[in-house]
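Observations on chain architecture
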Amino acid sequence: MDRRIIGWCLVFMLVIALPLQVFGATAKETVEEKVQMVVSLLGSPDFKQKPKDTQITEIRGIVNEVFDYTELSRRCLGRGWKQLNDAQQKEFVELFSELLEKTYADRLLAYTSEKINFGRETELRKGQVEVESAIITTDNKEVPLNYRMIDKSGQWRVYDVIIEGISMVQNYRDQFREILAKKTPEDLLQVLRDKTK
Amino acid sequence: MKKYTKETVVGIFVVAGLICVGYMTVKLGKVGFVGDKSYTLYAGFSTVTGLREGNPVNMLGLEVGRVAGFRMDQEKQQAVVTLRIDKGIEVYDDAIASIKTEGLIGDRYVNIDAGGGGDLLADGDTITDTQSPTDIMDLVSKYAFGDVGDDKK
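Fair warning: this is a prediction, and the values are worked out from it, not measured in the lab.

What to know about the overall build of chain B
On a plain count of helices and strands, chain B comes out with 2 helices and 8 strands. Traced from its N-terminal end to its C-terminal end, chain B shows the element sequence α-β-β-β-β-β-β-β-β-α. A burial count over chain B gives 25% of its 153 residues as buried. Sequence separation of 24 or more characterises 64% of the internal contacts of chain B that already satisfy a separation of 6 or more.

Here you go:
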């Protein structure tokens, strides 16, 4: 009788401990892990042999695990987000992620051997943090690259990238605001459709 | 009799002049009762070089408030700025506050992009997404990131 109780207690403790391990990853650990995965991929010789489309698909797989495109889209549109209906919002998120991919794929693939150092993690507010990192370029310049992350049900996802102090969300927000000031949400979607054809 | 009248006239002019000056001071210098027509927001920056108390807070190019004070947060290594914003100006929790310069060598000001995809900020809340002052900001922004209206593939 006693042994069984002890047995069950141990099982109970294990069950509690395991999930805690999984959810323990901090924001910094999450993004650092993914960045290092992309970096190793970009640096590996067989990756370089693959056709561009395959390369992009592989990187996309890793990026999608840590980037929250919906959150990014919502912040880049600001008030404009509420002007879009559900179907338009969904399409916007898809088109926007395609646009970003098209814009940055070449720059990512141009990576050679730059080192990436991670700094500290600062809390912005509950559930939001900024993780500091820096890219050491081939001519030894340090480019600060920070990730702003949000906690979505235990998982840390990136919603903004700050390079040299400039926010990606702010950049696109200004452009989308200008478009929405003169055109309808449907026009905005058309602009994105044309850019991602 | 004449002496009295001259002095009285001069006195009236002086008083009138003082009233005019006082009126102009209030109107132009905005020395007024700002008290209950504004609310307070905070924003933390990694540096606030050049920003002074009394500098304006702008949104979409219009002045919507003033910088009311500074405080250092040593734990987060940030300079927290107290912003007094006009009541009625809506700022959301995804707002981005940045420190910019009027023209090339003008005064610094705090620019707020109100956001809108989240919840409204109330009196005493903090704007968490901020950009510290940078030089040639717009150029670098365009260079570092993509242009939606670009024709290049």
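Okay, back to it.
Some thoughts on the pairing of strand β2 (residues 56-59) of chain B
All names here are of chain B. Across 4 bridges, β2 lies against strand β3 (residues 62-73) in antiparallel orientation. Residue Val57 lies in a different strand from β3, and its bridge partner there is Gly65. Counted along the chain from β2 to the antiparallel partner β3, the turn is 2 residues long, and its residue Leu60 has a positive phi close to 55°. Where β2 and strand β6 (residues 108-113) come together, 2 bridges link them in parallel fashion. Along β6, the bridge assignment pairs Asn58 with Asn111.

A few points about the confidence of the model for chain B
Residues and elements named next belong to chain B. The pLDDT averaged across chain B works out to 83; a share of 80% of its residues lies at or above 70. No element of chain B has a lower mean pLDDT than helix α2 (residues 137-144), which averages 57, and none a higher one than β2, which averages 94. Our summary of model confidence lists the complex with pTM equal to 0.75 and ipTM equal to 0.74.

Thoughts on the interface of chain A and chain B
Put simply, an interface is often sized by how much accessible area is lost when its parts join up. Contact with chain A, which involves 27 residues of that partner, is made by 22 residues of chain B. By residue number, the principal contributor to the side of chain A that touches chain B is helix α8 (residues 168-182) of chain A, which donates 7 residues. The residue makeup of the side of chain A that touches chain B, split by class, is 9 nonpolar, 9 polar and 9 charged.

Quick notes on the sheet that holds strand β2 (residues 128-136) of chain A
Residues and elements named next belong to chain A. Strand order in the open sheet made by the 5 strands is β1-β2-β3-β4-β5, with antiparallel pairing throughout. For this open sheet the edge positions go to β1 (115-125) and β5 (166-167), each flanked by a neighbour on one side alone. Taken together, the 8 bridges between β1 and β2 define a ladder with antiparallel strand orientation. Looking at β2, one finds that Thr122 is bridged to Glu130.

A closer look at the environment of Thr57 of chain A
Along the polypeptide, Thr57 of chain A turns up in helix α4 (residues 52-66). For Thr57 of chain A and Thr122 of chain A, which are 65 residues apart along the polypeptide, the C-alpha to C-alpha distance reads 32 Å.

Conventions we followed
Numbering of residues starts from 1 in every chain and runs along the sequence as written. Written order determines the labels here, with chains lettered from A and ligands numbered from 1. For a predicted model such as this one, the threshold for reporting local features is a pLDDT of at least 70, and the threshold for listing and counting side-chain atom pairs is 80 or more; totals across whole chains, interfaces and linings nevertheless cover every residue. A run of H or I in DSSP becomes a helix once it reaches four residues, and a run of E becomes a strand once it reaches two; helices and strands are each numbered from the N terminus. Residue burial here comes from a neighbour count, namely the number of other C-beta atoms, placed from the backbone, that lie within 10 Å of the residue's own C-beta, with 20 or more meaning buried, 12 or fewer meaning exposed, and in between meaning partly exposed. Here the contact rule is simple: place C-beta atoms from the backbone, and any two residues whose C-beta atoms are within 7 Å are in contact. Two strands are said to pair when DSSP picks up at least two bridges between them. The predictor attaches a confidence to each residue, and that confidence, scored 0 to 100, is pLDDT. Polar here means any residue other than Ala, Val, Leu, Ile, Met, Phe, Trp, Tyr, Cys and Pro, which are nonpolar, and Asp, Glu, Lys and Arg, which are charged; Gly is therefore polar.

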